[in-house]
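Coordinate inspection notes
Listed below are the residues making up each chain.
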Amino acid sequence: MRFLSVLFFIAILYIPNINAQSQKFGLQDFYTYNSELEYTVDSIYHTLSERQKVSQMIITSAGELGKPMTTVKKLTTSNAIGGVVFLKGTKKTHTESIAALNAISTKNNTLPLLFSMDAEPSLFASRIKGAKDVGKTIDIKTEAQSDKVVAIINSELKEIGVHHNYAPVLDISPNNEAIKSRSYGNNKDSVINLANQFIKCTQEGGIIATAKHFPGHGLVKGDTHKQSVYIDGALQEVDNYKKIIEDGVLSIMIAHITIQNNEKYDTNGLPSSCSRKIITDLLKEEMGFKGVIVSDALNIMKAVTILDNAPLLASKAGCDLILMPQDEEKTINSILMAMKTDSSYKKQVQQSIKKILRLKVCGGIIF
């Protein structure tokens, strides 16, 4: 392997529970220009083969509702993933699984994985069985209350070894069947303020936060887990993200919401997660979001499983992290093939990979 010694040097710098003082960069550095950080990211990038680079974009699943650990270990060993999202499980099984996967990365001298979880308040107790119940998002009414909830969540995630929280929800209404108590309520200003405080406290505590579900899942009917769901007309929840982006959220998740009867943002039958109009044109260019964009789950949600090669479509639309594709190897190969014939797409993928590596460096995953 090219630059094996450099890879080894990078890999051994990651050791669980290593003294935090050895970390040069923090999450607060992600959006700040720093020549040493740029050099660090570029140096790591150039040690990787093309396949290893693309694999950084792939997030597989583990836990009771995820893929078996034997499969996840094989994917880690074969450099087919860049991270893992942990679904339902006990604190003990999550901790042991992460330790086992870190051991594989260290043994193989490969980049450590990005570990994530849907640890929003309403889902927290089910994601980590036995953890303290922090209540439902809908019951959080003040910033002080939010800070106490975040402190518990961050502490549990760090103890287990999770770096990335797919929370909070910015969807306005608690009446949608997929969102329910996961929303902060019906008042737009309250939703924005409480979500922003959740993000600020999460990231100040060293955990990556994720605002979701862009461009808005609250004011629609239906559940994208079960069917195609539509925004009919104006994008009423997009403005929720302006303050969130301005204040430095590091990650945004894209919903599988299809948009119709909207002259500018009609997705032509595609879900937003696979629409370049929504991800690149609106979120990146118009709204100026420079952070990491993650697709919603691509493995079982009916709004995308009906499509041919939704993971590739999501990547072409502008997603940096491809969450839970049904076939990780197929996804990597399809992205590599598309890069060979489309130079602009190749450049976009390269930018996605560097953003992910930057996140890993700033998140203390790679020291």
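Residues numbered from 1 in each chain as written. Predicted model: local features only at pLDDT ≥ 70, side-chain atom pairs only at ≥ 80, totals over all residues. Heavy atoms only, no water.

Right, let's get into the overall build of the protein. Tallying secondary structure elements over the protein gives 14 helices and ten strands in all. Taking 367 residues into account, the globule formula puts the C-alpha radius of gyration at 21 Å, and the protein, at 19 Å, falls close to it. When its C-alpha atoms are laid out on the principal axes, the protein stretches across 55 × 50 × 40 Å. Once local pairs closer than 6 in sequence are excluded, the contacts in the protein between residues at least 24 apart make up 75%. Per element, the accessible surface of the protein, about 15,200 Å² overall, is 52% carbon and sulfur. (Helix = DSSP H or I, 4+ residues; strand = E, 2+ residues; numbered from the N terminus. Rg over C-alpha atoms; globule rule 2.2 N^0.38 Å. Contact = heavy atoms within 4.5 Å. Areas by Shrake-Rupley, 256 points an atom, 1.4 Å probe, with all protein chains shown as cover.)

Now for the packing of helix 12 (residues 310–317) against helix 14 (residues 343–362). Helix-helix packing is characterised by the crossing angle of the two axes and by the distance between the axes. Where helix 12 meets helix 14, the closest approach of the two axes is 9 Å, and the angle between their N-to-C directions is 85 degrees. Relative to helix 14, the element helix 12 is oriented roughly perpendicular. Across the interface between the two elements, L312, S315 and K316 of helix 12 pack against Y345, Q348 and V349 of helix 14. Each residue belonging to the contact of helix 12 with helix 14 can be placed in one class, and the counts come to three nonpolar, two polar and one charged. (Axes fitted to C-alpha atoms, helices over the stretch in contact; angles between N-to-C directions. Parallel < 35°, antiparallel > 145°, perpendicular 65-115°, else oblique. Nonpolar A, V, L, I, M, F, W, Y, C, P; charged D, E, K, R; others polar.)

Moving on: the pairing of strand 3 (residues 114–117). Side chains L114 and S116 of strand 3 all project onto a buried face; the interleaved residues F115 and M117 project onto the opposite face, where all are buried too. In this sheet, strand 3 lies alongside strand 2 (residues 83–86) in parallel orientation, the contact comprising four bridges. Across the sheet, the residue bridging to V84 is F115, located in strand 3. Examined bridge by bridge, strand 3 and strand 4 (residues 164–165) share two bridges and lie parallel to one another. (Buried < 20%, exposed > 50% of the residue type's maximum accessible area, 1.4 Å probe, protein only. Pairing = 2+ DSSP bridges.)

On to the sheet that holds strand 5 (residues 210–214), then. Within the open sheet, the three strands sit side by side as 5-7-9. Their pairing is parallel. Either end of the sheet is taken by a strand with one partner, and the two such strands are strand 5 and strand 9 (292–295). Here the average twist between neighbouring strands, direction ignored, is 25 degrees. By the bridge criterion, four bridges tie strand 7 (residues 251–254) to strand 9 in an arrangement that is parallel. Paired with S251 across the strands is V292, a residue of strand 9.

Core analysis: the biggest nonpolar cluster contains 109 residues, and V84, F214, I252, L283 and L323 have the highest contact counts within it. Broken down by element, the residue count for this core peaks at eight residues, all from helix 14. Those residues in contact with I252 that sit more than four places away from it in its chain are T210, A211, F214, Y241, I245, L283, F289, V292, I293 and V294. (Core = buried A, V, L, I, M, F, W, Y, C linked by side-chain atoms within 4.5 Å.)

Of the residues in the protein, 91% have a pLDDT of 70 or more, and the chain-wide mean is 91. Note that pLDDT drops below 50 for residues 1–21; the model gives that stretch 31 contacts with residues more than four away or on any other chain. (pLDDT = per-residue confidence, 0-100.)

Strand pairing within a sheet occurs via backbone hydrogen bonds; the two strands may be parallel or antiparallel. The five strands lie next to each other as 4-3-2-1-10, forming an open sheet whose pairing is parallel. Of all strands in the sheet, those bounded by a partner on one side alone are strand 4 and strand 10 (322–323). Pairing of strand 1 (residues 58–62) with strand 10 involves two bridges; the strand directions are parallel. From the neighbouring strand, I59 faces strand 10, where its bridge partner is L323.

For the coordinates displayed, the defined rule picks out three aromatic pairs. For the ring pair F30 and Y31, a centre distance of 5.0 Å and an interplane angle of 90 degrees mean the geometry is edge-to-face. F30 sits in the buried class, given a relative accessible area of 4%. A cation over an aromatic ring shows up here: K316 above the ring of Y345, its NZ or CZ 5.9 Å from the ring centre. Against the face of F30 rests R358, its NZ or CZ located 5.9 Å from the ring centre. (Phe/Tyr/Trp six-rings, centres within 6.5 Å; stacked < 30°, edge-to-face > 60°. Lys NZ or Arg CZ within 6 Å of the ring centre and 35° of its normal.)

Under the counting rule described, the total for this entry stands at one cavity of 30 Å³ or more. In this model, the largest cavity occupies a volume close to 110 Å³. Q56, N79, I81, T110 and L111 are, among the twelve residues lining the largest cavity, the residues nearest its centre. Residue composition of the lining of the largest cavity, by class: five nonpolar, seven polar and no charged. (1 Å grid on protein atoms, 1.4 Å probe; cavity = no way out; pocket = protein on both sides within 12 Å on 5 of 7 lines; lining within 4 Å. Points joined across faces, edges and corners; volume = space filled by probe spheres on them.)

Once that is clear, we can look at the pattern of salt bridges. On inspection of all chains with the given rule, the structure shows 17 salt bridges. One salt bridge connects K24 with E36, and the closest N-O pair in it is separated by 2.8 Å. Highlighted residues: K24 in the loop between helix 1 (4–12) and helix 2 (35–47) and E36 in helix 2, separated in sequence by twelve residues. The exposure class assigned to K24 is exposed, which follows from its relative accessible area of 64%. E36 gets classed as partly exposed once you look at its relative accessible area, which sits at 37%. Ionic pairing is found between K242 and D239, a salt bridge with its closest N-O pair at 3.2 Å. (Salt bridge = Lys/Arg side-chain N within 4 Å of Asp/Glu carboxyl O.)

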